[in-house]
Amino acid sequence: MLIVMKSHATEEQVRAVCQKIEVLGYRAHPMPGAQRTAIGVTGNQTALEPGTIDDMEGVQEVIQVSKPYKLVSRDVKEDNTVVQFPGFEATIGGRELAVIAGPCAIETPEQAFVAAERVARAGARFFRGGAYKPRTSPYTFQGLGERGLEILAEIRERFGLIIVTEAIDNESLELVEKYADVIQIGARNMQNFSLLKRAGRARKPVLLKRGMSATLEEFLMAAEYIMSEGNYNVILCERGVRTFADHTRNTLDLSVVPAVQRLSHLPIVVDPSHGTGKRNKVIPLSRAAVAVGADGLIIEVHPDPDRALSDGNQSLFPDQFDQLMSEVRQIAPVIGRSVALPMVQPLVTGAGSSSR
Ligand code: PEP
Ligand code: MN
């Protein structure tokens with residue numbers, strides 16, 4: 001159920017409606033918009049009787065939301081969600097595209113610092129790198145764990161990059177929440193409902209990757225799990241789905257971008273690295289992702305991809321990432337977006353610097 005407040009409703013009236021909802025045993029999710037505030041009502045009991053709220057001060061309308069996802073839906077919030085990062089200029093979902101780049105996994109401080117230096121110089125404002133790796137084989141590199149998170153935190157200090165890294169269970173989520181700026185939930189965990197609920201109680205934004213065989217509705221319902229716990233800063237990520245195609249690792253479903261944007265206010269970024277699994281396809285698919293209207297890209301970049309401990313085949317050389325940035329920078333303005341400029345000044349790499 002959705003309560004639409006009048007455009008001139010006061011904060012007090014919004015608060016009173018929220019209180020009433022909570023007293024009745026439901027959860028209230030106020031969503032301020034440009035025109036008016038809407039209040040999403042969730043709870044797994046029977047539907048709230050409309051008459052109980054209708055006559056309250058400041059209430060314009062009470063609407064039954066028929067879609068299975070509520071808080072994720074544009075019915076509840078018309079304006080796009082723009083995820084902000086305190087202390088940083090960059091956003092996800094704003095006019096400037098969010099470019100998240102870095103290696104699949106943090107391997108050594110040297111590898112991570114070189115990658116960070118190169119992607120920051122090329123104009124990326126977000127750094128990715130796994131400290132916890134959900135690997136298909138238990139015998140392959142599983143990540144550096146907390147040591148990897150410490151390296152990531154140092155990268156934020158040195159290069160002023162916003163840190164995105166994956167949590168694979170409740171225990172790693174605790175630590176990722178402490179060290180990083182964005183909690184990534186991987187494709188393999190898209191329907192790990194207890195992890196989604198825990199991420200919903202975290203105070204950091206969540207980047208939710210689409211499961212390898214998830215329908216659009218399943219993808220949005222996974223985001224709903226996070227939002228239903230009170231974390232409204234969710235970023236969706238298309239990373240390719242399993243099909244019969246064998247010329248790529250996965251099939252990057254770019255049509256999901258406009259489909260999501262029609263149904264939801266949440267930003268959606270595209271991962272052409274996992275989406276194709278092949279280095280030579282990452283730049284073309286990045287161009288396409290920007291053209292289709294994605295809010296950003298997440299790209300694997302490694303200083304020495306042929307020696308990478310994971311996903312080397314799909315990781316770009318830093319020079320290729322420069323090329324990718326230069327190409328998407330030219331495409332973005334066609335659809336009213338922009339990509340940050342490369343840095344002209346050499347980066348100062350002392351602690352605490354965020355030279356931009
Ligand atoms: C990753 O980002 O390195 C990763 C493991 O992604 P996914 O969950 O999409 O496979
Ligand atoms: Mn990877």
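Structure's up top.
One structure accompanies this document, and this report is about it. None of the values given here were measured: they were computed from a predicted structure.

## Here's the deal with the overall build of the protein chain
Link 1 in the chain: Broken down by element type, the protein chain carries eleven helices and 14 strands.
Link 2 in the chain: Against the 2.2 N^0.38 benchmark of 21 Å for 356 residues, the protein chain shows a C-alpha radius of gyration of 21 Å, consistent with a compact globule.
Link 3 in the chain: Each of the three principal axes of the protein chain carries a C-alpha extent, and together these read 65 × 40 × 40 Å.
Link 4 in the chain: Relative to its full complement of 356 residues, the protein chain shows a buried share of 55%.
Link 5 in the chain: Residue pairs in contact within the protein chain that sit at least 24 positions apart in sequence constitute 69% of those at least 6 positions apart.
Link 6 in the chain: Counting every atom, the protein chain has about 15,400 Å² of accessible surface; 50% of that belongs to carbon and sulfur.

## Observations concerning the side chain of Arg329
Link 1 in the chain: With respect to the helices, strands and loops of the structure, Arg329 is situated in helix α11 (residues 318–331).
Link 2 in the chain: Asp322 is the oppositely charged side chain nearest to the buried, salt-bridge-free Arg329, at an N-O distance of 7.8 Å.
Link 3 in the chain: Polar side-chain contacts of Arg329 include one of 2.9 Å to the backbone oxygen of Ala122.
Link 4 in the chain: Discounting residues that sit within four places of it in the chain, Arg329 has contacts with Ala122, Gly123, Val339, Ala340, Leu341 and Pro342.

## Observations concerning the pattern of salt bridges
Link 1 in the chain: Overall, the coordinates contain 21 salt bridges when judged by the stated rule.
Link 2 in the chain: Note that Glu154 and Arg158 form a salt bridge whose closest N and O atoms lie 3.1 Å from each other. A residue pair is termed a helical-turn pair when its members lie 3 or 4 positions apart in one helix, as Glu154 and Arg158 do in helix α4 (residues 146–159) at four residues.
Link 3 in the chain: Glu154 sits in the partly exposed class, given a relative accessible area of 34%.
Link 4 in the chain: Since its relative accessible area comes to 22%, Arg158 is described here as partly exposed.
Link 5 in the chain: Where Glu174 meets Arg198, a salt bridge forms, and the shortest distance between an N and an O atom there is 3.2 Å. With Glu174 in helix α5 (residues 170–179) and Arg198 in helix α6 (residues 193–200), the pair connects residues that are 24 residues apart, well separated along the chain.
Link 6 in the chain: Here the salt bridges share partners, and the residues they tie into one network are Glu174, Glu177, Arg198 and Arg203.

## Some words on the site of ligand 1
Link 1 in the chain: What surrounds ligand 1 is the set Cys104, Arg128, Lys133, Glu166, Gln184, Gly186, Ala187, Arg188, Lys209, Arg239, His274 and Glu300.
Link 2 in the chain: In the model, an oxygen atom of ligand 1 is placed 2.8 Å from a nitrogen or oxygen of the Arg128 side chain.
Link 3 in the chain: Between Arg188 and ligand 1, the recorded distance is 2.9 Å, taken from a side-chain N or O atom to an oxygen atom.
Link 4 in the chain: For ligand 1, the cavity whose grid points lie within 2 Å of the majority of its atoms is the second largest pocket.

## Focus on the layout of surface pockets
Link 1 in the chain: The space that makes up the second largest pocket amounts to roughly 250 Å³.
Link 2 in the chain: The wall of the second largest pocket is formed by 18 residues, among which Pro134, Arg188, Arg249, His274 and Asp311 lie closest to the centre.
Link 3 in the chain: Looking at the lining of the second largest pocket, its residues break down into three nonpolar, six polar and nine charged.

## Section: the packing of aromatic side chains
Link 1 in the chain: All told, the structure shown has two aromatic pairs when counted by the stated rule.
Link 2 in the chain: Their ring planes at 75 degrees and their centres at 5.4 Å tell us that Phe85 and Phe126 sit as a pair that is edge-to-face. One end of the pair, Phe85, is in the loop between β5 (83–84) and β6 (91–92); the other, Phe126, is in strand β8 (residues 126–128), with 41 residues separating them in the sequence. For the pair Phe85 and Phe126, one class covers both residues: buried.
Link 3 in the chain: Between Phe193 and Tyr225 the ring centres are 4.5 Å apart and the planes differ by 25 degrees, which places this aromatic pair in the stacked class. Separated by 32 residues along the polypeptide, Phe193 in helix α6 and Tyr225 in helix α7 (residues 216–228) bring together distant segments of the chain.
Link 4 in the chain: Sitting over the face of the ring of Phe113, Arg158 holds its NZ or CZ atom 4.1 Å from the ring centroid.

Parameters at a glance
- Residues numbered from 1 in each chain as written.
- Chains lettered and ligands numbered in written order.
- Predicted model: local features only at pLDDT ≥ 70, side-chain atom pairs only at ≥ 80, totals over all residues.
- Heavy atoms only, no water.
- Helix = DSSP H or I, 4+ residues; strand = E, 2+ residues; numbered from the N terminus.
- Rg over C-alpha atoms; globule rule 2.2 N^0.38 Å.
- Buried < 20%, exposed > 50% of the residue type's maximum accessible area, 1.4 Å probe, protein only.
- Contact = heavy atoms within 4.5 Å.
- Areas by Shrake-Rupley, 256 points an atom, 1.4 Å probe, with all protein chains shown as cover.
- Lys, Arg positive; Asp, Glu negative; His and termini not counted.
- Salt bridge = Lys/Arg side-chain N within 4 Å of Asp/Glu carboxyl O.
- Polar contact = N/O pair within 3.5 Å; in protein donor to acceptor, adjacent residues only side chain to side chain.
- Near = heavy atom within 4 Å.
- 1 Å grid on protein atoms, 1.4 Å probe; cavity = no way out; pocket = protein on both sides within 12 Å on 5 of 7 lines; lining within 4 Å.
- Sits in = over half its atoms within 2 Å of the grid points.
- Points joined across faces, edges and corners; volume = space filled by probe spheres on them.
- Nonpolar A, V, L, I, M, F, W, Y, C, P; charged D, E, K, R; others polar.
- Phe/Tyr/Trp six-rings, centres within 6.5 Å; stacked < 30°, edge-to-face > 60°.
- Lys NZ or Arg CZ within 6 Å of the ring centre and 35° of its normal.

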